[in-house]
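# A structural walkthrough
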2 protein chains.
Amino acid sequence: MSSNTTYAEWIAVDWGTTHLRAWAMSGDTVKAEAFSEDGMASLTREAFEPALLRLIEPWLGAAATPVVACGMIGARQGWFEAPYVAVPAKPGELQPVQAPTDDKRLNLMIVPGLKQADPADVMRGEETQIAGFLAENKDFDGVLCLPGTHAKWVRISAEEVVSFQTCMTGEMFQLLAEQSVLRHSIAAQGDDPDAFVEAVSDTISRPEKLSQRLFNLRGENVLNALDPATARARLSGYLIGAELASTKPYWLGQEVALAGSPALTAAYEAALRSQGVEARSFDAAPLTRTGLARLHAALTESA
Amino acid sequence: MSSNTTYAEWIAVDWGTTHLRAWAMSGDTVKAEAFSEDGMASLTREAFEPALLRLIEPWLGAAATPVVACGMIGARQGWFEAPYVAVPAKPGELQPVQAPTDDKRLNLMIVPGLKQADPADVMRGEETQIAGFLAENKDFDGVLCLPGTHAKWVRISAEEVVSFQTCMTGEMFQLLAEQSVLRHSIAAQGDDPDAFVEAVSDTISRPEKLSQRLFNLRGENVLNALDPATARARLSGYLIGAELASTKPYWLGQEVALAGSPALTAAYEAALRSQGVEARSFDAAPLTRTGLARLHAALTESA
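These numbers were taken from a predicted model, which means no experiment stands behind them.

Rules and cut-offs
Residues numbered from 1 in each chain as written. Chains lettered and ligands numbered in written order. Predicted model: local features only at pLDDT ≥ 70, side-chain atom pairs only at ≥ 80, totals over all residues. Heavy atoms only, no water. Contact = heavy atoms within 4.5 Å. Buried area = accessible area lost by both parts, 1.4 Å probe. Salt bridge = Lys/Arg side-chain N within 4 Å of Asp/Glu carboxyl O. Polar contact = N/O pair within 3.5 Å; in protein donor to acceptor, adjacent residues only side chain to side chain. Helix = DSSP H or I, 4+ residues; strand = E, 2+ residues; numbered from the N terminus. 1 Å grid on protein atoms, 1.4 Å probe; cavity = no way out; pocket = protein on both sides within 12 Å on 5 of 7 lines; lining within 4 Å. Points joined across faces, edges and corners; volume = space filled by probe spheres on them. Nonpolar A, V, L, I, M, F, W, Y, C, P; charged D, E, K, R; others polar. Axes fitted to C-alpha atoms, helices over the stretch in contact; angles between N-to-C directions. Parallel < 35°, antiparallel > 145°, perpendicular 65-115°, else oblique. Left-handed = near helix turned anticlockwise from the far one by under 90°. Pairing = 2+ DSSP bridges.

### Re the interface of chain B and chain A
With 42 residues of chain B at the contact, the number on the chain A side is 42 residues. The contact between chain B and chain A buries some 3500 Å² in all, and 65% of this surface belongs to carbon and sulfur atoms. Where chain B packs against chain A, one counts 0 salt bridges. Counting every contact that joins chain B to chain A gives 13 residue pairs in polar contact (both at pLDDT 80 or more). Mapped onto the side of chain B that touches chain A, the elements with two or more residues apiece are β8 (114–116), β9 (121–123), β12 (160–167), α3 (169–179), α5 (210–224) and α6 (228–246) of chain B.

Spelled out as structure tokens, the structure:
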């Protein structure tokens, strides 16, 4: 744009390892959105700013536009390190950190992640989703689970993250299903809800058997032509079962909410239901943007 | 060779997913050996015979030379399927299966694998190592563990495999250490024996905590600069601990022998010692060849 007026009042950016999403915002209202696969992991440091400008330049005016970003952009290997804030911490009150830019039309601020000393754990990106979740569920007191590549279990009370725990369930599933010997036995998609729930329950009741259960999928496929969709459901059940065994102190007897893709939260809902826990599910898609809007509004109020 | 005399009386072949090894034999004596990285997984079906001939052609005469082979060459996706034999079975009495060849100088025989109905499990290649082990330990009565990519635990009595169990420990280690987010926190080599044994014991006593322990390596690295060699030892300890938790009915109160690479059997020895089990270690390198020689000799005797 060549005019002096800025199309976006401010810009929200979610920049992770494998994706880049941006929204042109006016207050809480989305005026435009743009996506690319320029994840942090696929770019060299010099390529960060050009990749961002490719997406958001049409929304910029001559004056500096506030850009509030979260995710791996704030990691040590990212654009600029936004140091972790120790829990207990209120995600809705996190202060984005000013980051240097070459292009003076950008006023870039990066949301810090959260850290926990013992057990040592970190999150970056999810703190903004939690801020978004809490914007719409202020009185939530319980455990929020964000399933995914690195699933987070988060104890929340009085708008504060008290403690959290990460499980690499999604990444393990992907590695085992796509790259291990099990790839020959596992369908790329398909489901078997009964086999899934049975695998969850088996693993929670005998977590020590996980190691042998995994290769058993191969044996069942070779000897008994196990349906690859059933094998996929069982693998998912074994790994989510291992996650639930590991996080039992988080969900047992607690109010549990799930925020993720609808397919994933449905699986976790079924897994938890088999253990007597009724969880509520939320679609995670809008939470990051809602969280960024909340943190941007807090910046404006405090300015 | 253009002469009519055969250099090798017979040829032993170990052909797995990622390697091809061959030995020119005279009875039990090795006259020459050859290796290549033409594993089954890297070749199309038409490329199998040329890949073998590239290695062994110098050893062939005009007449047909017996070639006794084991490993993935006998899988459904291999050269020719040598169907699994059900346990209980005596590895030293397995009958290699005649396989078709284009080159009439090859008289190719493939050792069948072993299968177990319940829990469904299969092995292919290890049965020959076990035959080699039993050739030198006829009276062994106990459990033989073959650690590696897919570790096998094998109950043996009266030269017979009674039952077995596979754990994907080596493959899981490689995927997590080299391809998951943990790769940033884990050294390519190095060791920390105390951290290893502690991780083994932690996992055996609380196997349900495995899922969170894995990402904890990342948290400890980011927040507390955990030594990447220590992280490597802990990851190995967590996974071998999970294997020992899973195979406890195999090793508890049993005579245990280990056959593998010296580095790997030393790690398993230390892990088992922490649980009060003194295992004896054997170098697996010569076992396959010894097993093939035993099966070749049995063929000759029965002919």
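Here the narrative resumes, following the displayed structure.
### As for empty space enclosed by the protein
Tallied over the entire structure, the rule returns 4 cavities of 30 Å³ or more. The space that makes up the largest cavity amounts to roughly 130 Å³. Taken together, 15 residues line the largest cavity, and the ones lying closest to its centre are Met172, Leu210, Leu239 and Ala242 of chain A together with Ser211 of chain B. Elements supplying a minimum of two residues to the lining of the largest cavity: α3 (169–179) and α6 (228–246) of chain A together with α5 of chain B. Its volume calculated, the second largest cavity comes out at about 80 Å³. Taken together, Leu210, Ser211 and Leu214 of chain A together with Met168, Thr169, Met172, Leu210, Leu239 and Ala242 of chain B form the lining of the second largest cavity. Looking at the lining of the second largest cavity, the elements that each hand over two or more residues are α5 (210–224) of chain A together with α3 and α6 of chain B. At 3 residues, α5 of chain A tops the list of elements feeding residues into the lining of the second largest cavity. Across the lining of the second largest cavity, the residue classes break down as 7 nonpolar, 2 polar and no charged.

### Quick notes on the packing of α3 of chain A against α6 of chain A
Residues and elements named next belong to chain A. Axis separation between α3 and α6 bottoms out at 10 Å; the angle between their running directions is 150°. Viewed along their axes, α3 and α6 adopt a mutual orientation that is roughly antiparallel. In the crossing of α3 with α6, the sense of the turn from one axis to the other is right-handed. When α3 is examined against α6, the residues Thr169, Met172, Phe173, Leu176 and Ala177 are found in contact with a partner set consisting of Arg232, Leu235, Ser236, Leu239, Ile240 and Glu243. Considering only residue class, the contact of α3 with α6 consists of 7 nonpolar, 2 polar and 2 charged.

### Points about the sheet that holds strand β1 (residues 10–15) of chain B
Residue and element names in this part refer to chain B. Taken in spatial order, the 6 strands line up as β3-β2-β1-β4-β7-β6 in an open sheet, and their pairing is mixed. Of all strands in the sheet, those with a lone pairing partner are β3 (29–36) and β6 (97–98), marking the two edges. As defined by bridge partners, β1 adjoins strand β4 (residues 65–71) across 5 bridges and the pair is classed as parallel. Directly across from tryptophan 15, in β4, lies its bridge partner glycine 71. Across the sheet, helix α9 (residues 287–302) is in contact with β1, β2 (20–26), β3, β4 and β7 (106–110); its angle to β4 comes to roughly 130°.

This is a description of form; function is not addressed.
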